[in-house]
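This is what each chain is made of:
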Amino acid sequence: MNKKIYRNIAAVTAIFAITLSIMLATNYFQVRKATPLQTEVAETLKELNDMNSNNPQLQEQIRELDLLSRRAYFVSESHLKTGIYLLLAMIGVLVLSLRFYFHDVKNIPDKDIDPVDDWLVKSKSRNYVLWGSGVLATAALLLAFLSSPYYTSLKSKKAAGSDDSALTADSYPVEEELTTDDEYAMAGIVRDETAGDAAAETQTPAEESAATEASGAETAQAAEAAAEGPEIPKVTHNGFRGNNSNGQSSARNIPASWNLASGTNIAWKASIPKPGYNSPAISGRNVFLSGADASGRELYCYDLFTGELKWTLSASGIPGSPSAMPKVNEDTGLAASSVATNGQQVCAIFATGDIICADMDGNKLWAKNVGVPDNHYGYASSLLIYGSEVIIQYDNDSNGKLMALNLSNGNVRWSKDRSEKATWSSPTIAYVDRKPQLVVMGNPAITAYNPDNGDIIWKVDCMSGEVGASPCANNGRIFGANEYVNLVAINGVDGSVLWESNDYLPEVSSPVASRDWVYVATSYGVLACYNAETGELVAEQDLGCQFYSSPMIVDGKLFIFSVEGTLYMFSNNGQLTLLGSINTGENTFATPAFTDGMMVVRSQNGLYCVSSNS
């Protein structure tokens, strides 16, 4: 190759290397001064969030600002690493170019030499330039590597749970024993941003305009509600067993005593037009649930403060819906699956395979039939909303699948075939190292999926029989159990089995876990507590009843309803100390929903709200 080509390559590479070195050195001093996640800014945002708890629009803007700063932070880290690699590559190219340029320097003639070549070969000043450039590049690399500990330190703090700057409209003090991942799980603040962005990209200008108008309407409604009615609670209960279907709630001030017959601490009672075994969900001042019989299938919305039935949406006229109702067990019915909401949409699914989605005013957004379930008891898996999609566990005796539908239009975002037999378990979102996992139980396996695309993260063959209970998670551990099989603890990082026990096992009721304890309620009336780390049985209570409702950890206590309608409240300290019990006299199969100062219960007689303000 011509020597001039090597010379030109070296010159261009040297210019870029010097420029990049200056940029990396500058970056070091900027990183030392501030980071996108500096504590002062985070604390200011938190204070602003707390001072404006009645302004959901401002809270959403704060959360978006927090999210943008986090994105900028990690983009900056990525750029730093790229710059280091690029500078190393440029130095390599520069060295090679100079090496080839000088390999025959002794043979350069004494005259008619190019002035640049003459300077490169004979001038002493070129040594100063080359050495100076080398020192600059070396210093830039050193400073760039010194920048990394700032990122590493902050990331370590996040992993240890010391970074509490994440903001959400549902933010609320949580129990001391919960980890940072558990706070995320209760609040449901980790979203599928990629899926949301993809959905946004598909919006037409008309849809964007409609969305803007809808947002304006919601703002007006929120302002009107704040002026005319009670303060809307910040804590949501978005589906079966709360946010992410994990059995935990950050609600506070739940009444410890009340009387359904006399009305003490009872805000209201309401009838439900059609029967169902599903559990209520709470978002804002709305309470959602569903009902169905041979004559129809319906989604209901009640007012949280008055118990008024605000609207009813019928699941009718859906293409593919069966003309005759499928055979179901009497204990399952046609509306056993709990609804799910995100405060903007609410979805319900029925034993016919019909799923409907509505806005907060009861307007149908879309409806479809996902196939009539091949299930000998009837379909019972509850819906789960993650980001901009609704998750459906559709385990049948044939053609089982797990799918995610776009909340905007019902289109299939992803679908995965499942070989598991018919089950009645519901999916949950677990957070392992702050990363979401979609955990699903079945026969024969407990499986963790990536909720963004349905890819399998890990799978453990440890179940059998008719799986009815749902999984739970805490502190990076996943727990699953089924009667006549096992209670299993799984490491959420790699899917390894931590321990197994078969002392007490649930049939229908799903277990729940705090950081240190796992609670299991059996169909024959025993409530048991296990050490979450070792699997040791540490406490048990034989209450002489049946449990179908799932236990919930709320306000430092364990709440659970018996089938006979007695609410038991235990300490969440591993000892199962009974704090109180309340006999309602109404059979209760559903799991109650919680928000600040309020608990909404569905019994076989209807719907009622326990409130500390009554």
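Analysis parameters
Residues numbered from 1 in each chain as written. Predicted model: local features only at pLDDT ≥ 70, side-chain atom pairs only at ≥ 80, totals over all residues. Heavy atoms only, no water. Pairing = 2+ DSSP bridges. Helix = DSSP H or I, 4+ residues; strand = E, 2+ residues; numbered from the N terminus. Axes fitted to C-alpha atoms, helices over the stretch in contact; angles between N-to-C directions. Buried < 20%, exposed > 50% of the residue type's maximum accessible area, 1.4 Å probe, protein only. Contact = heavy atoms within 4.5 Å. Core = buried A, V, L, I, M, F, W, Y, C linked by side-chain atoms within 4.5 Å. Salt bridge = Lys/Arg side-chain N within 4 Å of Asp/Glu carboxyl O.

S.K.: Mind showing me how you'd approach the sheet that holds strand β4 (residues 286-293) here?
M.R.: Strands belonging to one sheet form pairs held by backbone hydrogen bonds; the direction of such a pair is parallel or antiparallel. Strand order in the open sheet formed by four strands is β3-β4-β5-β6, with antiparallel pairing between adjacent strands. Of all the strands in the sheet, the pair left with one neighbour each is β3 (281-283) and β6 (309-314). If you compare each strand with its neighbour and ignore which way they point, the axes differ by 25 degrees on average. Bridge count for β3 against β4 is three bridges, and the pairing is antiparallel. Paired with I282 across the bridge in β4 is V287.

S.K.: Can you help me understand the pairing of strand β12 (residues 389-394) in this one?
M.R.: On a regular strand, each side chain points to the face opposite its neighbour's, so the side chains alternate between the two faces of the sheet. Counting buried positions along β12 gives six out of six residues, so the element sits mostly inside the fold. Residues E389, I391 and Q393 line one face of β12 and the alternating positions V390, I392 and Y394 line the opposite face, and both faces are buried. As defined by bridge partners, strand β11 (residues 384-386) adjoins β12 across three bridges and the pair is classed as antiparallel. The residue of β12 that forms the bridge with L384 is I391. With antiparallel pairing between neighbouring strands as the criterion, β11 and β12 make up a hairpin whose turn holds two residues, including G387 at a positive phi of roughly 60 degrees. Where β12 meets strand β13 (residues 400-406), six bridges bridge the pair, whose relative direction is antiparallel. Counterpart to I391 in the pairing with β13 is A404. Taking the residues between adjacent antiparallel strands as the criterion, β12 and β13 are bridged by five residues, where N399 takes a positive phi near 60 degrees.

S.K.: Can you help me understand the side chain of Q345 in this one?
M.R.: By the secondary structure assignment, Q345 is in strand β8 (residues 345-349). Dropping the residues within four chain positions of it, Q345 is found in contact with A340, C357, A358, M360, L365, I385 and L407.

S.K.: Can you walk me through the nonpolar core in this structure?
M.R.: For soluble globular proteins, the rule of thumb is that nonpolar side chains tend to be buried together. By size, the foremost hydrophobic cluster in this structure holds 35 residues, and its most contacted members are L299, I355, V390 and I392. The set of elements that each furnish at least two residues to this core consists of β4, β5 (296-303), β6, β8, β9 (354-359), β12 and β13. Residues within four places of I392 in sequence aside, it is in contact with I349, I355, V370, Y379, L383, K401, L402, M403 and L405. Counting residues in hydrophobic clusters, the runner-up holds 18 residues, among them I266, M599, V601 and Y608.

S.K.: It is not clear to me how the pattern of salt bridges should be interpreted in this structure. Could you clarify?
M.R.: When the charged atoms of two side chains with opposite charge come close together, those side chains can pair. Tallied over the entire structure, the rule returns 11 salt bridges. For E420, the salt bridge is made with R418, and the minimal N-O distance between the two is 3.9 Å. Taken individually, E420 and R418 each receive the classification buried, so the pair is uniform in this respect. Here E420 and K459 are joined by a salt bridge, their closest N and O atoms 3.8 Å apart.

S.K.: Just checking my understanding: could you explain the sheet that holds strand β20 (residues 477-481) for this structure?
M.R.: Pairing is antiparallel in the open sheet, where four strands are placed in the order β19-β20-β21-β22. Unpaired on one side and paired on the other, β19 (472-474) and β22 (497-501) mark the two borders of the sheet. Direction aside, neighbouring strands of the sheet carry axes that sit 20 degrees apart on average. In the sheet, β20 pairs with strand β21 (residues 487-491) via five bridges, with the strands oriented antiparallel. Counterpart to A481 in the pairing with β21 is L487.

S.K.: Quick question: what am I supposed to make of the pairing of β5 here?
M.R.: Summarising burial for β5: eight of the eight residues are buried, a large majority. Residues G296, E298, Y300 and Y302 line one face of β5 and the alternating positions R297, L299, C301 and D303 line the opposite face, and both faces are buried. Pairing between β4 and β5: eight bridges, direction antiparallel. Of the residues in β5, the one forming a bridge with D293 is G296. What sits between the antiparallel neighbours β4 and β5 is a turn of two residues. Between the end of β5 and the start of β6, which pair antiparallel, lie five residues, with G307 showing a positive phi angle near 80 degrees.

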